[in-house]
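Examination of the molecular architecture
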Amino acid sequence: MTQITAKKAASAGGLAVGLHAALKDKGGIWFGWSGDIAESGAEKPRLQRSGNVTYALVDLGREEYEGYYEGFANRSLWPLFHYRVDLASFEHDWYDAYRAVNRRFARLLMPLLKPDDTVWVHDYHLIPLGRELRRLGFEGAVGFFLHIPFPASEIFVSLPWDHELGQDLFAYDLVGFQTPTDLRQFQDYVRHEWGGEIEDDGTIRVQGRRFKAGAYPIGIDVDDFVAMGRTLEAQRGAERLRRALLNGNRKLIIGVDRLDYSKGILERLRAFGQLLDDFPEHEKGVTFIQISAPSRENVQEYQDLRHQVETLSGHINGIHSEADWVPLHYINRNHPRRTLAGFFHFSQIGLVTPLRDGMNLVAEEYVAAQNPDDPGVLVLSRFAGAAPLLADGALIVNPHDTRSTALALHQGLTMPQAERKERWRSMFAAIKANDIASWRMKFLSDLQKGQISTSEAVMT
Ligand code: GDG
C-alpha cells in the first residue's frame, strides 16, 4: 500500500493530480492539511473515501496556521531555500509551532498506518514528519521529496535550526531533490557540516545513519495537458486573446506564475521594457500578458512585491502605450488551467524567468500546449530546475541580465518556423520522457529497493 502525505489536500494543480494518480493505482491514504483553519487544531483527521483512496484531512488551529504555515514554512524556509536570506525571518515561536504541528501530524497519522506501509512525505512543510513517525515506532519505508531548491550549504546554515532539520532529513530511507545541483548541495552539507560520506551509488553515511539521496526531476502529465488544450474552455481563452489583440498580426508573449518573489516577475517586466527600447520595430507589434495568481497575500513581502509589480507595469505602459496599443497586460487573478492552456497555445513566446525555482511546471505546460506545426518559443531562466531538461530547445537566459533577456525575446519573436519546430520537438520529447508518471514510479521504486534496516533509523 502506498501512503502519500502532502501539505494541502485540496489543491487542484497538476502536482496534486499526478500524486492522486499514484494512489489510485494501488490504493492508499492521502494525509494532509485540509486547507481549513479551525479555532484550535482537531484531535482526529476527517476521513473521506473516494474509490480506493482515503483522504485523512486535518484542520490547523489559527495559531498553528500563523506560526507553522505562514511563519516558519513560508517566511523562514521558503525565502531561505530560494536564496533570499534578506527576506527570511527566524522566529523561535514559529519554529516551535513547525515542530509541534509535524509531531501532531505524525501522532494523527500513526494509527492509520499498517506496519509494512510505504510513506511518501512531500515538501518543506513536513521535513520533520519522517523522524517523528520513527519515534512513534513506524518501521515501514519512508521517503521525502523536496519540491523547492536545496540551497548551497553556506546559505542553509544561516538557519538557526539547520542541525535539527538536517537530522530530520537523515531519518528518511530516501531523500529526493529536483536536480543534480540540489542533490550536490545537500551532499556538500552532509560532508562539510557533519563529516558524512557519500558512496558512488548515492548512499549517505552520517551520524550512524545510512540512507539514499537522489535527483528526481518532477514532470507534468503531458497527455492530460495536451488534451486540456483541446477543450472548449481553452479555445474560448485563445479566442478572447485573438479579439483583445485587435490587430491579427500582433504577437503575444505570456508569463504565468504565482505572484512570488522567486519567479523573477520584476526582472521579466524590465526585460520587456528593454525589448521595446532596444527594438522599436516591435512597437505596436507585440503584447505581453503577465498573469500572476495571488499567493500568500497576508505576508508582507508578498504585499510589497505586488505593489512593485503594479508600479513597474504602470510605468512601462505609461512610457510605451499609444492610443491604439497597450503593450503590457498585468492580471492579478487566478485562471482555470484549461483557459491557461488556451492562452499558452495562442502565444508566440512563453517567458519563464525565475531567479530560483525547484523545477517550474509552467515551462513544461507551455511546451505541451503548443501547436506542433507552428509552435511558440520558450524563453527560460537558467535558474529554473527545468532548464537542463529543456536547454536544447529553449532560449536560456540569465534573468538578472535585462539586455540579454530582451535580445532573447527579439530572437524568439523573429525566429523562423523551421527552427521553432525543431526546438519544440526536442523539448516535447524531453517532457514526454520525464513526465509525472515516470517521476513517481522511479521515486517509489527506489524507495522500496533502497529501504534500510529501520533499527538504524530511530534518532533521539
Ligand atoms: C512548486 C515549486 C515545482 C499558475 N497560475 C495559475 C495556475 N498555475 C499553475 C500552473 C502550474 C502550477 O500552478 C505552478 O507550478 P510551478 O512548478 O510553476 O510553481 P510552484 O507553484 O512554485 O510549485 C516548483 C513545483 O512545486 C512542483 O514540484 O516545479 O519549482 O516552487 O501547474 O499551471 N493554476 C490555476 N490558475 C492560475 O492562475 N488554476
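Every chain is numbered independently, its residues counted from 1 as its sequence is written. Two thresholds apply to this predicted model, a pLDDT of at least 70 for residue-level local features and 80 or more for giving and counting side-chain atom pairs, whereas whole-chain, interface and lining totals are computed over all residues. Values reported for side chains reflect all heavy atoms of the structure, with hydrogen atoms and water molecules removed beforehand.

1. What to know about the pattern of salt bridges
A side-chain nitrogen of Lys or Arg and a carboxyl oxygen of Asp or Glu constitute a salt bridge if their distance falls within 4 Å. Within the structure shown, the criterion is met by 30 salt bridges. Note that Asp36 and Arg46 form a salt bridge whose closest N and O atoms lie 3.4 Å from each other. Pair noted here: Asp36 is in strand β2 (residues 28-38) and Arg46 is in strand β3 (residues 46-50), with a separation of 10 residues, a long-range link. Note on Arg46: relative accessible area 35%, which makes it partly exposed. If you follow the salt bridges from partner to partner, you end up with Asp36, Arg46 and Asp59 in one network. Numbering of helices and strands starts at the N terminus; helices are DSSP runs of H or I of at least 4 residues and strands are runs of E of at least 2. Each residue is assigned to one of three classes by its accessible area relative to the maximum for its type, calculated with a 1.4 Å probe on protein chains only: buried under 20%, partly exposed between the two thresholds, exposed over 50%.

2. Overview of the sheet that holds strand β15 (residues 377-381)
For sheets, the rule is that strands pair by backbone hydrogen bonds, running either parallel or antiparallel. Two strands are counted as paired when DSSP detects at least two bridges linking them. The strand order across the open sheet formed by six strands is β13-β12-β11-β14-β15-β16, and the pairing between neighbours is parallel. Each edge of the open sheet carries a strand with a single partner, namely β13 (328-331) and β16 (395-397). Ignoring strand direction, the axes of neighbouring strands in this sheet form an average angle of 20°. Across eight bridges, strand β11 (residues 251-258) lies against strand β12 (residues 286-293) in parallel orientation. Residue pairing in the sheet places Lys251 in a bridge with Val286 of β12. Any pair of residues with heavy atoms lying within 4.5 Å of one another is described as a contacting pair. Here the axes come from fitting lines to C-alpha atoms, over the contacting stretch only for helices, and the angles between their N-to-C directions go from 0 to 180 degrees. Strands β11, β14 (349-352) and β15 of the sheet are contacted by helix α13 (residues 361-368), whose axis makes an angle of about 170° with β15.

3. Things to note about the environment of Phe272
Within the fold, Phe272 resides in helix α10 (residues 265-278). Distance from Phe272 to Tyr68, taken between C-alpha atoms, is 38 Å for residues 204 residues apart in sequence. With residues near it in sequence (within four places) discarded, Phe272 still touches Ile253, Val286, Phe288, Ile316, Pro327, Leu328 and Leu409.

4. Concerning the layout of surface pockets
As defined here, a cavity is a set of points on a 1 Å grid over the protein atoms alone where a 1.4 Å probe fits but cannot get out. A pocket is an open set with protein on both sides within 12 Å along at least five of seven lines, and residues line them when an atom is within 4 Å of a point. Grid points are joined across faces, edges and corners, and a volume is the space filled by probe spheres set on the points. As a volume, the second largest pocket reaches approximately 300 Å³. Together, 15 residues line the second largest pocket, and Thr179, Thr181, Arg356, Arg382 and Phe383 are the ones closest to its centre. If you tally residues by element for the lining of the second largest pocket, the top one is helix α7 (residues 180-194), at three residues. Classification convention: Asp, Glu, Lys, Arg as charged; Ala, Val, Leu, Ile, Met, Phe, Trp, Tyr, Cys, Pro as nonpolar; all other residues, Gly among them, as polar. Considering only residue class, the lining of the second largest pocket consists of six nonpolar, five polar and four charged. Mapped onto the domain boundaries, the lining of the second largest pocket takes at least three residues apiece from domain 1 (2-215) and domain 2 (224-433). Residue ranges assigned to each domain were obtained from an automatic or database domain assignment.

5. Describing the site of the ligand
By convention in these notes, a residue is near a molecule or strand provided one of its non-hydrogen atoms lies within 4 Å of it. Taken together, 20 residues surround the ligand, and among them His147, His335, Asp357, Leu361 and Glu365 come closest. Counting of polar contacts relies on pairs of N or O atoms within 3.5 Å, with two restrictions inside protein: one atom must be capable of donating a hydrogen and the other of accepting it, and residues adjacent in sequence are counted only when both atoms are side-chain atoms. His335 places a main-chain nitrogen or oxygen 2.5 Å from a nitrogen atom of the ligand. For the ligand, an oxygen atom lies 3.0 Å from a polar atom in the backbone of Asn360. For the ligand, the protein covers 86% of the area, taking 730 Å² as the surface of the free molecule. Only β11, α12 (337-346) and α13 provide two or more residues apiece to the shell around the ligand. No other element matches α13, which puts three residues into the shell around the ligand. Using a 1.4 Å probe, the Shrake-Rupley method yields the accessible areas, and only the shown protein chains count as cover for residues.

6. Focus on helix α17 (residues 436-450)
Between the first and last residue of a helix there are one fewer steps than residues, each counted as 1.5 Å, and that sum is the expected span. Its 15 residues place the ends of α17 21 Å apart at the C-alpha level, agreeing with the 21 Å of an ideal helix rising 1.5 Å per residue. For α17, the full list of buried residues reads Ile436, Trp439, Arg440, Phe443, Leu444, Asp446, Leu447 and Gly450. Within α17, the buried residues cover an arc of 160° as seen down the axis, which keeps them to one side. The reported arc concerns the directions from the helix axis to the C-beta atoms and nothing else.

7. Examining the packing of α13 against helix α16 (residues 417-433)
Running from N to C, α13 and α16 point in directions that differ by 120°, and their axes come no closer than 9 Å. The orientation of α13 with respect to α16, classified from their angle, is oblique. The interaxial crossing formed by α13 with α16 has left-handed handedness. For the pair α13 and α16, contact is made by Glu364, Val367 and Ala368 and by Trp424, Met427, Phe428 and Ile431, respectively. An angle below 35 degrees is read as roughly parallel, one above 145 as roughly antiparallel, one from 65 to 115 as roughly perpendicular, and any other as oblique. For any helix crossing, the convention is left-handed if the near helix is rotated counterclockwise from the far helix by under a right angle, and right-handed if that rotation is clockwise.

8. Some thoughts on unusual backbone geometry
Across the chain, the bulk of peptide bonds are trans and the bulk of non-glycine residues have phi less than zero. Notably, Tyr83 is not glycine yet its phi reads approximately 70°, a positive angle. Mapped onto the fold, Tyr83 is located in the loop between α2 (62-81) and α3 (92-109). Note on Tyr83: relative accessible area 22%, which makes it partly exposed. We note that Arg296 has phi near 45°; this positive angle belongs to a residue other than glycine. Mapped onto the secondary structure, Arg296 falls in the loop between β12 and α11 (300-320).

9. A few points about the pairing of strand β10 (residues 209-215)
Relative to β10, strand β7 (residues 174-177) runs parallel, the two being bridged by four bridges. Its bridge partner lying in β10, Gly176 is registered against Gly214. Two elements, strand β9 (residues 203-206) and β10, share four bridges in a ladder whose sense is antiparallel. Note that in β10 the partner of Val206 across the bridge is Arg209. Remark: two residues form the turn of the hairpin made by β9 and β10, two consecutive strands paired antiparallel; Gln207 in that turn has positive phi of roughly 50°.

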